Amino acid sequence: MAAVIQSQRKFTASGRPIEPHFNPHVRKRESIAPRTGVALRISGLEKQFGATQVLKGIDLDVPAGQFLAIVGKSGCGKSTLLRLLVGLDQPTAGSIEFTHPDGSTTATNSRIVFQEPRLLPWANVVENVAVGLGRTAKDPAIRQKALAALTEVQLDEKAGEWPSRLSGGQRQRVALARALVSHPDFLAFDEPLGALDALTRITMQGLVERMWREEGFTALFVTHDVSEAVALADRVIVLDEGHIALDLDIPFDHPREKGAPELAALERRLLDVIFGR
Amino acid sequence: MTSIADISHAPTRTKPGSFTPSVGGIERAFGPFVPYLLPIGIVVLWQLASSIGWISTRVMPAPVDVVKAFWSQAASGALLANIEVSGARAVAGLLVGGSIGFLLGLANGVSQLSHKLTDSSLQMLRTIPHLALIPLVILWFGIGEQAKLFLTSLGVFFPIYLNTLYGVRNVDPQLIEMGRIYGMGRWTLFRWVIFPGALPSIFVGRRFALGIMWLTLIVAETIASSSGIGYMAMSAREFMMTDVVVLALVIYAALGKLADVIAHTLESRTLQWHPAYQKPAGE
C-alpha cells in the first residue's frame, strides 16, 4: 500500500516529496493503481416498497478500489441502493455480486458509516471502536488494534472518554475508526458528513480521502453535496427517480485542490443533470 | 416523545447561561446546611409548643419524648429486632417481585410472542390496587410472613415490569441496526446494546418500586402482623404511647431515605456515561 502512495508522489532533487495538490490546479490521473478492495457488479437491481418502485433496474460495474459517489435529490433512491449493497434490505429483483482480487466471490467484509455516528453511549471510545471487531477492548490484542485505528483518526488521546463528551466531528471520526478497524474491503458512507459544520466537513473529507488511499477499500459515498462528490470520488453517479441519469468519470489525481476550475466545470455539469437543465 | 426516563434523568446541573439565583447571606453563612434549616426549625418550634403546653402529648409527643422513646426501645433490643424483621421483609419482597418483574419485562420487550401472550393479562391485573387484596391474603396466609412477602412482591412487580419493558422497547433502533450491520448476534446485541440502553429506565422502575415496597410493608405490618415496625406502632397505640408511634414514622422515613441513597449511588456508578450523571467539564 505504501508503494501506491509513493507512485503518486513527485520528488525534488533533494528527495523532498512535492504534494500534488500544491500545483496550481488538479492533476490529470495518470494510471489507476492496483487496489485491494472488492469489485462490485450490480445487474438489473430493483426495489419496491409497497406500490412505489424506488429503484428501477440499476446496472453498474465498480472496479476494485474505486471511490464511487452517488448524488441525487432526496428520494431518488440513493440511500435505498446503499442499504441493498450492505445487506440491510433485500432487492425485489436483480443481483449484487462482489468479486475479490483473487477472483473469489465469498462473503465481503463490508462496513457502513452513517450520517449519525451511532456510537454506544455507554461504552467509551476505544470500546466503541472494538465493536468494529465484534469483540471487547478488554482483550489486549483487540485494544491494541482499536487504539491503532484511533491513532489513524487522531483520537487516540480520547480513548477512555465517553462519546457524550466528544464534539460532533470527533464522534464521526470514532465512527470512521470503528468502520476501518476491521480493514473492510467495501465501505459505504451514507451522507456521513451531512450533520457536520462546514469547517469540520473539510477536515473530515481530507480524512476520508486519506483513509481510502491508505486502506485501498472500494468506497461507495452517498451524498447530496455535489462539490464534495467531485472533490473525493473517481466517479460520480447521478440517480434520478430510480435510474442512473449520469455516470461521470472524475479523471484527476488525489488529493485534489478544492474549488479548482476543472472540478467546478464537472460540478456544474452534474448540477445541470440533477436539476434537468 | 418524552419518556419517563427522560424526565427523571433530566440534567439538574446548572448550564452556562441558565438562570442561577444569587447567593445571599443565609447561603454564605450556612453553606451546605441550607437544606436542613427548615426541618430543624420545625422541630425547634414543635418542641417549644410542646413545652409551653400548646400541643397535648396525647395528640403529639414532644421531640424530646420521641428521642427518649428511641433510647428505651433501643436499650430493650425491641427496636433493632423490629427493624431487622421489617428490613428483611422489604428486601425479600423487592428481590422476589423485582426479579419476576425484571425478567418478564425483558422477555416481553424482546419477544413479540411472549408480549402477546402475557402483557394484556398483566395490564388487567395492574388495575387492581394490590392493597385491596389484603382481606383475601389474610384468608390465604393468615398473618404470617407469606402474606407480607406476597403483598410487597406484588406491589414491587408492576413498576419494575413496566419500566423494564418500556426501556427495552425504547432502545434507539439506529443503534440496533448498527449492531446488526456490525455482525452482533442476538446475545451480543442484548448485552451490548439492548440491556445498557434499557438500564436508565429500569432504574426509574426500581426507584418507584422502593416507594411502593415501604408503603405496602407499612400497611401490611399495621393491619396483619405480630412483629416489625408497623406492629410496634400499632401496639403502642393501644397504650396511647404517641411517642413510640411517632418514632415508628421517623424510622420508616430514615429507612426509605437510606434505600433511596443506596439506589442513587448504584445509579450514578452504573450510568457514568449518561450526561445527566456527569459533572460539567472543567470541574
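Residues numbered from 1 in each chain as written. Chains lettered and ligands numbered in written order. Predicted model: local features only at pLDDT ≥ 70, side-chain atom pairs only at ≥ 80, totals over all residues.

> Explain the overall build of chain B here, please?
Along its length, chain B carries 12 helices and 0 strands. Counted from the first residue to the last, chain B has its helices and strands arranged as α-α-α-α-α-α-α-α-α-α-α-α. Here chain B, with 283 residues, has 30% of them falling under the buried criterion. Restricting to contacts in chain B with at least 6 residues of sequence separation, those with at least 24 account for 73%. (Helix = DSSP H or I, 4+ residues; strand = E, 2+ residues; numbered from the N terminus. Buried ≥ 20, exposed ≤ 12 C-beta atoms within 10 Å, placed from the backbone. Contact = placed C-beta atoms within 7 Å.)

> How should I be thinking about the nonpolar core in this particular structure?
For soluble globular proteins, nonpolar side chains are generally found buried alongside one another. Counting residues in hydrophobic clusters, the biggest one holds 113 residues, and the most contacted among them are Leu68, Val129, Ala146, Leu150, Ala177, Leu220 and Phe221 of chain A. When residues are assigned to domains, this core turns out to be shared by domain 1 (2-109 + 183-274) and domain 2 (120-182) of chain A, each giving three or more. Not counting residues within four places of it along the chain, the set of residues in contact with Val129 of chain A comprises Ala146, Ala149, Leu150, Val174, Ala177, Arg178 and Val181 of chain A. Formed by 10 residues, the second largest nonpolar core is a distinct cluster that contains Tyr231, Val244, Val246 and Ala248 of chain B. (Core = buried A, V, L, I, M, F, W, Y, C linked by C-beta atoms within 7 Å. Domains from an automatic or database assignment.)

> Before we go on, may I ask you to explain the sheet that holds strand β4 (residues 52-62) of chain A in this structure?
Hydrogen bonding along the main chain pairs the strands of a sheet, whether they run parallel or antiparallel. Residues and elements named next belong to chain A. The sheet built from 3 strands is open, its strands ordered β4-β3-β6 with antiparallel pairing. Where the open sheet ends on each side, the last strands, each with one partner, are β4 and β6 (93-99). For this sheet, the mean inter-axis angle between neighbouring strands, taken without regard to orientation, is 15 degrees. By the bridge criterion, 8 bridges tie strand β3 (residues 39-49) to β4 in an arrangement that is antiparallel. In the strand pairing of β4, Arg41 is matched with Asp61. Across the sheet, helix α2 (residues 78-85) is in contact with β3, β4 and β6; its angle to β4 comes to roughly 60 degrees. (Pairing = 2+ DSSP bridges. Axes fitted to C-alpha atoms, helices over the stretch in contact; angles between N-to-C directions.)

> Just checking my understanding: could you explain the packing of helix α10 (residues 186-223) of chain B against helix α12 (residues 242-270) of chain B for this structure?
To describe two helices that pack against each other, one gives the angle between their axes and the distance between the axes. Residues and elements named next belong to chain B. Two numbers describe how α10 lies on α12: the axes approach to 11 Å, and their chain directions differ by 170 degrees. Considering the angle they form, α10 stands roughly antiparallel to α12. Between α10, through Leu199, Phe203, Arg206, Arg207, Leu210, Trp214 and Ile218, and α12, the contact on the second element is made entirely by Tyr252, Leu255, Gly256, Ala259, Asp260, Ala263, Glu267 and Thr270. The residue inventory of the contact of α10 with α12, partitioned by class, reads 9 nonpolar, 2 polar and 4 charged. (Parallel < 35°, antiparallel > 145°, perpendicular 65-115°, else oblique. Nonpolar A, V, L, I, M, F, W, Y, C, P; charged D, E, K, R; others polar.)

> Even after reading the chapter, I still don't get the interface of chain B and chain A, so can you show me in this structure?
Interface size, as often reported, equals the accessible area lost upon joining of the parts. The interface is formed by 12 residues belonging to chain B together with 13 residues belonging to chain A. In terms of residue count, helix α9 (residues 173-181) of chain B provides more of the side of chain B that touches chain A than any other element does, 4 residues in total.

> Honestly, the environment of Val125 of chain A in this entry has me stumped. Any pointers?
All names here are of chain A. Summarising the element assignment, Val125 is placed in helix α3 (residues 125-130). As for Val125 and Gly65, which are separated by 60 residues in sequence, their C-alpha atoms are 29 Å apart. In this view, Val125 contacts Leu150, Leu155, Lys158, Ala159, Glu161, Pro163 and Val174; residues no more than four positions away in its chain are not counted.

> I'm lost on the domain arrangement of chain A in this one. Help?
Residues and elements named next belong to chain A. Domain assignment breaks chain A into domain 1 (2-109 + 183-274) and domain 2 (120-182). If one sorts the elements of the side of domain 1 that touches domain 2 by residue count, helix α6 (residues 198-215) sits on top with 6 residues. For the side of domain 1 that touches domain 2, a count of residues per class yields 8 nonpolar, 4 polar and 1 charged.

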